[in-house]
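This is what each chain is made of:
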Amino acid sequence: MNKIWDFIAENPMAAVVAGGEIGFWVAIVAGLVARYLLKLKRTSVVLLLLTPVIDLVVLVATVIDLRNGATANFVHGLAAVYLGFSVVFGHSMIKWADVRFAHRFAGGPPPPPKPMGRAKLRAEWRDWFKCAMACGLASGVLLLLIFMVGDTEQVAPLWDWLPRMGVVTAIWFATGPLWQELSKNDDRVKEGAGR
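In this text, all values refer to a predicted model and were calculated from it rather than measured experimentally. (Residues numbered from 1 in each chain as written. Predicted model: local features only at pLDDT ≥ 70, side-chain atom pairs only at ≥ 80, totals over all residues. Heavy atoms only, no water.)

Q: What exactly am I supposed to notice about empty space enclosed by the protein here?
A: The gaps left among the atoms become clear once a water-sized probe is rolled over them. Applying the stated rule across the entire model yields one cavity of 30 Å³ or more. If you add up the space inside the largest cavity, you get close to 30 Å³. Taken together, Val 58, Leu 59, Thr 62, His 76, Ala 79, Ala 80, Leu 83, Val 141 and Leu 145 make up the full set of residues lining the largest cavity. The set of elements that each furnish at least two residues to the lining of the largest cavity consists of α3 (41-67), α4 (74-106) and α5 (117-149). (1 Å grid on protein atoms, 1.4 Å probe; cavity = no way out; pocket = protein on both sides within 12 Å on 5 of 7 lines; lining within 4 Å. Points joined across faces, edges and corners; volume = space filled by probe spheres on them. Helix = DSSP H or I, 4+ residues; strand = E, 2+ residues; numbered from the N terminus.)

Q: Looking at this structure, how should I read the pattern of salt bridges?
A: For side chains of opposite charge, pairing can occur when their charged atoms come near one another. What the rule picks out here adds up to two salt bridges. Between Asp 98 and Arg 35 there is a salt bridge, and its shortest N-O distance comes to 3.5 Å. Highlighted residues: Asp 98 in helix α4 and Arg 35 in helix α2 (residues 12-37), separated in sequence by 63 residues. Looking at Asp 98, the relative accessible area reads 18%, which means it is buried. The shortest N-O distance in the salt bridge between Lys 120 and Glu 124 comes to 2.9 Å. (Salt bridge = Lys/Arg side-chain N within 4 Å of Asp/Glu carboxyl O. Buried < 20%, exposed > 50% of the residue type's maximum accessible area, 1.4 Å probe, protein only.)

Q: Honestly, the nonpolar core in this entry has me stumped. Any pointers?
A: Generally speaking, nonpolar side chains in soluble globular proteins are found buried as a group. The biggest cluster of nonpolar side chains holds 22 residues, and the ones touching the most others in it are Leu 66, Val 81, Phe 85, Phe 89, Leu 145, Leu 158 and Met 165. Taken together, the elements giving at least two residues each to this core come down to α3, α4, α5, α6 (152-159) and α7 (161-182). Element by element, the count of residues in this core is highest for α5, at nine residues. Excluding residues within four positions of it along the chain, Phe 89 makes contact with Asp 127, Lys 130, Cys 131, Ala 134 and Trp 172. In terms of nonpolar packing, the next biggest core, distinct from the first, is built from 18 residues, Met 13, Ala 14, Tyr 82 and Phe 101 among them. (Core = buried A, V, L, I, M, F, W, Y, C linked by side-chain atoms within 4.5 Å. Contact = heavy atoms within 4.5 Å.)

Q: What am I meant to see in the packing of helix α1 (residues 2-10) against α2 here?
A: Running from amino to carboxyl end, α1 crosses α2 at an angle of 105°, the nearest separation of the two axes being 4 Å. Put simply, α1 runs roughly perpendicular to α2. Seen from α1, the contacting residues are Phe 7, Ile 8, Ala 9 and Glu 10; seen from α2, they are Pro 12, Ala 14 and Ala 15. Along the lines of polarity and charge, the residues of the contact of α1 with α2 split into six nonpolar, no polar and one charged. (Axes fitted to C-alpha atoms, helices over the stretch in contact; angles between N-to-C directions. Parallel < 35°, antiparallel > 145°, perpendicular 65-115°, else oblique. Nonpolar A, V, L, I, M, F, W, Y, C, P; charged D, E, K, R; others polar.)

Q: What exactly am I supposed to notice about the UniProt feature "transmembrane region" (unreviewed entry) in the chain here?
A: When the UniProt feature table is mapped to this numbering, "transmembrane region" (unreviewed entry) covers residues 12-38, 45-64, 70-94 and 128-149. Overall, residues 45-64 shows 100% helix and 0% strand. The separation of its end C-alpha atoms is 29 Å. Along residues 128-149 the backbone is 100% helical and 0% strand, and the end-to-end C-alpha distance reaches 31 Å. (UniProt positions renumbered as here; feature names shortened; annotations may be inferred.)

Q: When you look at the layout of surface pockets in this model, what are you seeing that I'm missing?
A: Its boundaries defined by the atoms lining it, the largest pocket holds a volume of some 800 Å³. The wall of the largest pocket is formed by 19 residues, among which Trp 96, Arg 100, Pro 115, Arg 126 and Asp 127 lie closest to the centre. Among the elements of the structure, α4 and α5 are those that each provide at least two residues to the lining of the largest pocket. Of all the elements, α5 adds the most residues to the lining of the largest pocket, at eight residues. When the residues that make up the lining of the largest pocket are grouped by side-chain class, the tally is eight nonpolar, two polar and nine charged.

Shown next, in the form of structure tokens:
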């Protein structure tokens, strides 16, 4: 446990990123509790609208930390990646949680079954395009941070994140749409067996 506290003391941005992720999910759960259990529609909307504000706070904290002379490290890059994925996938994560929460606590319809066959392939392509957008947004934020700070030595570790975004996109492609395309015959057999 001391190692965690030492890491946070040496990298206060780690606490900001972790706090952002925790805050993101707390805002979602609080918003859904307000909507379905407490019947406070306006309050739930406000709580759910906090999720992009949390993303903005993480970004601003990152900029302030770097502008105040902090040497960029892994955590500063992670903040940009967190922002990219949170912005692109945030709405679908909220929707996913909303359907399950409504079903469990408010008598809503059950979540849709997992797609199979061509629907699964379309879903994999959609998610991969979202991944590519998230990586593109994260890369844009990284470049913005690099050029805002301007000191080549100070931001050198941020450059390392750009090829990582390409690797993430390639791995997602291989394990998502490509894998689904190659295994679609298996899905057709499963679909036929379910009838």
